[in-house]
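Geometric and topological summary
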Amino acid sequence: MRTCDFASCQKPAVRTLGDCVLCNRHLCSHHLQHAFHTCPKWEDADAYDPAAREAEARELTELIDKINTPALASRASHLRGGMPCSIPPLFYDRATRSSVMGGMNYHIEVCFDDGVKWFARMRRFNATSPPAALRDYTMQCEVATLKFLEETNIPTPKVFDFALDHAGNTVGVGYILMEKLPGKSLRWSIANQDQRRKVMNQLANTFIELRKYPFNLLGSLDRPGDFHIGAFARESLTDFTQAEMRTMGPFSSLEDYHKSSLRLILDLIIRGELYSQQPVDAYLIHRFLVDLVPSMSSLSAQDDQQYYLKHADDKGDHILVDEDFNITGIIDWEWAHTAPPTHAFNSPIGLLPVADFYNGANSLGDDETTFARLLEGKGCQELADFVWNGRLQHRFTFCCDYDLADWNGFLGLFQGLRDAVKVDHGVGWDDRRITALHRYKEDDGLLLLLSRRRND
Ligand SMILES: [Zn+2]
Ligand SMILES: [Zn+2]
């Protein structure tokens, strides 16, 4: 993705782990070592937190300085036939930060004189932000997805305008101008059973609605205003060679999609961009996942090869609700993509029984069971079956590209996956690793990683 920022180093920076927001650099596995990189680690909260606060204030102040608010206000006003509007002065305030920004975006409220409110969504820029070309592509895909959703009866914010980062953009930074929906982000963990059931009942209706819009390719909507499916807007599926962006897809078959995405992960492990702490384990795990692709693809065996829009981050806080738990909107469609029905209509991850799931149990949780029954009650047995039979799909998706720093979490997930496909049932990782080293002993990538380790 990027080259290491350490003076004159030409090695590829490690993705995610190598992104340091404190010194704003991308580092390779060698220069991430303490001898070269001395920023505090997040585990050391006393040292890390104040430094992170400072870095965030610096980042946001820099972003705010770039934004030309009069130009944004005049654009918004023009789009509403000259209706005057105002934008409150922007400044970084730690106390209100969570109301104006998410992990990747910063939001500015636009208030019209007649009481209508819009907001402008802008990308944050720090060491964890994707490179510019990918930021532009995902913004364009988000707009295309929201434009598509406007054609459905799913409650989503209307998009009025957008501009990418370029010299002619008078606002100074890329933005999406959209409707501000009423309601607050749902907090699933504090909702009671009745409230949850009410939300799930409405969520089931959105599944039924999305089922009416099949696509014939796997990828992301990429052209605002038409239903074209282009490459995946996803950082983990994007490669950069010599600073040139190489996106992945679209694909017409699920098997091609799985094989290509796992091939990229294996290549990134070999290049030291992923799993630099545990390359051999990571390689063996993903190599095993490649062998599972035929079973995963046959899960979705269908003659018509149709795919459906899937929200990429359905933890629960993407749902806005009013005080009575009526859904007022579904937001944050960044990274959305099409998926086979077994994935698109599987239970949202917010409904997973987290502890049991990570412990390897393959039975459905209470919320998932309720959700499946609600779908059955609406006469949608097929959709309900995607939920009833969804565990293997959840496990496979979680195991691809999982953060192995959470090794115990991973072992539970992986055990559950092997139980679900009935491979090496009950075998622990150490034994499993020996078998895998033997099974893939002629794999070129594995041989390279092992020889590199011997030379270290
Ligand atoms: Zn640093
Ligand atoms: Zn380096």
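Above this text is the structure in question.
Below or above, wherever it landed, is the structure these notes cover. In this text the structure is predicted, and so the values were computed from the model without any measurement.

Let us now look at the coordination of the zinc ion (ligand 1). Around the zinc ion (ligand 1), the donor atoms from the protein are Cys 20 (SG), Cys 23 (SG), His 37 (NE2) and Cys 39 (SG), and they sit 2.0 to 2.3 Å away. Classification of the site at the zinc ion (ligand 1) rests on its 4 donor atoms, whose angles at the metal span 102 to 116°, yielding the label tetrahedral. Sequence positions of the donors to the zinc ion (ligand 1) reduce to the motif C-x2-C-x13-H-x1-C. Considered together, His 37 and Cys 39 belong to a single accessibility category, that of buried residues.

This part covers the packing of aromatic side chains. This model, assessed by the stated rule, comprises 23 aromatic pairs. Judged by centre distance (5.2 Å) and plane angle (50°), the rings of Tyr 308 and Phe 345 are tilted. Linking Tyr 308 in strand S13 (residues 308-310) with Phe 345 in the loop between helix H8 (341-344) and helix H9 (354-358), this pair joins segments that are 37 residues apart in sequence. Neither residue differs from the other here; Tyr 308 and Phe 345 are each classed as buried. Taken together, a centroid distance of 5.8 Å and an interplanar angle of 80° make the contact between Trp 407 and Trp 429 edge-to-face. In this pair, Trp 407 is assigned in helix H13 (residues 407-421) and Trp 429 in helix H14 (residues 429-439), connecting sequence segments 22 residues apart. Look at Trp 429 and you get buried, because its relative accessible area is 10%. One aromatic cluster is present, built from ring pairs that chain together Phe 288, Phe 357, Tyr 358, Phe 398, Tyr 402, Trp 407, Phe 410, Phe 414 and Trp 429. Positioned over the ring face of Phe 125 is Lys 66, at 4.4 Å from the centre of the ring. Here the guanidinium or amino end of Arg 395 rests over the ring plane of Phe 357, the centre of that ring lying 4.4 Å away.

Counting through the fold element by element, Ala 144 comes out in helix H4 (residues 132-150). Residues Ala 144 and Val 159, 15 residues apart in the sequence, show an inter-C-alpha distance of 9.5 Å. The contacts of Ala 144, once residues within four sequence positions are left out, are Leu 221, Asp 222, Arg 223 and Pro 224.

The end-to-end C-alpha distance of helix H6 (residues 254-271), which contains 18 residues, comes to 26 Å, matching closely the 26 Å that a straight helix rising 1.5 Å per residue would cover. Turning to H6, its buried residues number three or more, namely Leu 254, Tyr 257, His 258, Ser 261, Leu 262, Leu 264, Ile 265, Leu 266, Leu 268, Ile 269 and Ile 270. Where the residues of H6 are buried, they touch strand S11 (239-241), helix H7 (279-299), helix H12 (391-399) and helix H15 (444-455). Backbone geometry just after H6 places Gly 272 at a positive phi near 80°.

What the 5 strands build is an open sheet, ordered S3-S4-S5-S7-S6; its pairing is antiparallel. Two strands close off the open sheet at either side, each with one partner strand: strand S3 (85-86) and strand S6 (159-163). Sheet topology places strand S4 (residues 105-112) next to strand S5 (residues 117-123); 7 bridges connect them, and they run antiparallel. Bridge pairing links Ile 108 to Ala 120 in S5. In the packing of H4 onto the sheet, the strands contacted are S5, S6 and strand S7 (175-179), and the crossing angle to S6 comes to about 165°.

Geometrically, a metal with four donors at the corners of a regular tetrahedron has ideal angles of 109.5 degrees, and one with six donors at the corners of a regular octahedron has ideal angles of 90 or 180 degrees. Taken together, Cys 4 (SG), Cys 9 (SG), Cys 28 (SG) and His 31 (ND1) make up the full set of protein donors to the zinc ion (ligand 2), lying 2.0 to 2.4 Å away. Bound by 4 donor atoms, the zinc ion (ligand 2) shows angles of 103 to 114° at the metal and therefore tetrahedral coordination geometry. Here the donor residues of the zinc ion (ligand 2) are spaced in sequence according to C-x4-C-x18-C-x2-H. On the criterion of sequence distance, the pair formed by Cys 4 in the segment before strand S1 (19-20) and Cys 28 in the loop between strand S2 (25-26) and helix H1 (45-66) is long-range, its members being 24 residues apart. In this structure, Cys 4 and Cys 28 share a single accessibility class: buried.

Next up on the list: unusual backbone geometry. Cis geometry marks the peptide bond from Gly 249 to Pro 250, where omega comes out at 5°. Within the secondary structure, Pro 250 sits in the loop between strand S12 (244-246) and H6. Even without being a glycine, Asp 401 presents a positive backbone phi close to 70°. Structurally, the position occupied by Asp 401 is in the loop between H12 and H13.

Sheet architecture is open: 3 strands sit in the order S8-S14-S15, paired in antiparallel fashion. Strand pairing shows two members of the sheet lacking a second neighbour, strand S8 (184-185) and strand S15 (327-330), which therefore form its edges. Contacts from helix H5 (residues 193-210) reach strand S14 (319-321) and S15 within the one sheet, and its direction differs from that of S15 by about 45°.

The geometry of H5 relative to helix H10 (residues 366-377) is characterised by a closest axis approach of 9 Å and an angle of 50° between their N-to-C directions. Relative to H10, the element H5 is oriented oblique. Seen from above, H5 lies across H10 with right-handed handedness. Residue-level inspection shows Gln 193, Arg 196, Arg 197, Met 200, Asn 201, Leu 203, Ala 204, Phe 207 and Ile 208 of H5 in contact with H10, the latter providing Asp 367, Thr 370, Phe 371, Leu 374 and Leu 375. Grouping the constituent residues of the contact of H5 with H10 by class yields 8 nonpolar, 3 polar and 3 charged.

What counts and what doesn't
Residues numbered from 1 in each chain as written. Chains lettered and ligands numbered in written order. Predicted model: local features only at pLDDT ≥ 70, side-chain atom pairs only at ≥ 80, totals over all residues. Heavy atoms only, no water. Donors = N, O, S within 2.8 Å, 3.2 Å for Na, K, Ca; no water. Tetrahedral: all angles 85-135°; square planar, octahedral: opposite > 155°, others 65-115°. Buried < 20%, exposed > 50% of the residue type's maximum accessible area, 1.4 Å probe, protein only. Phe/Tyr/Trp six-rings, centres within 6.5 Å; stacked < 30°, edge-to-face > 60°. Helix = DSSP H or I, 4+ residues; strand = E, 2+ residues; numbered from the N terminus. Lys NZ or Arg CZ within 6 Å of the ring centre and 35° of its normal. Contact = heavy atoms within 4.5 Å. Expected span 1.5 Å × (residues − 1). Pairing = 2+ DSSP bridges. Axes fitted to C-alpha atoms, helices over the stretch in contact; angles between N-to-C directions. Parallel < 35°, antiparallel > 145°, perpendicular 65-115°, else oblique. Left-handed = near helix turned anticlockwise from the far one by under 90°. Nonpolar A, V, L, I, M, F, W, Y, C, P; charged D, E, K, R; others polar.

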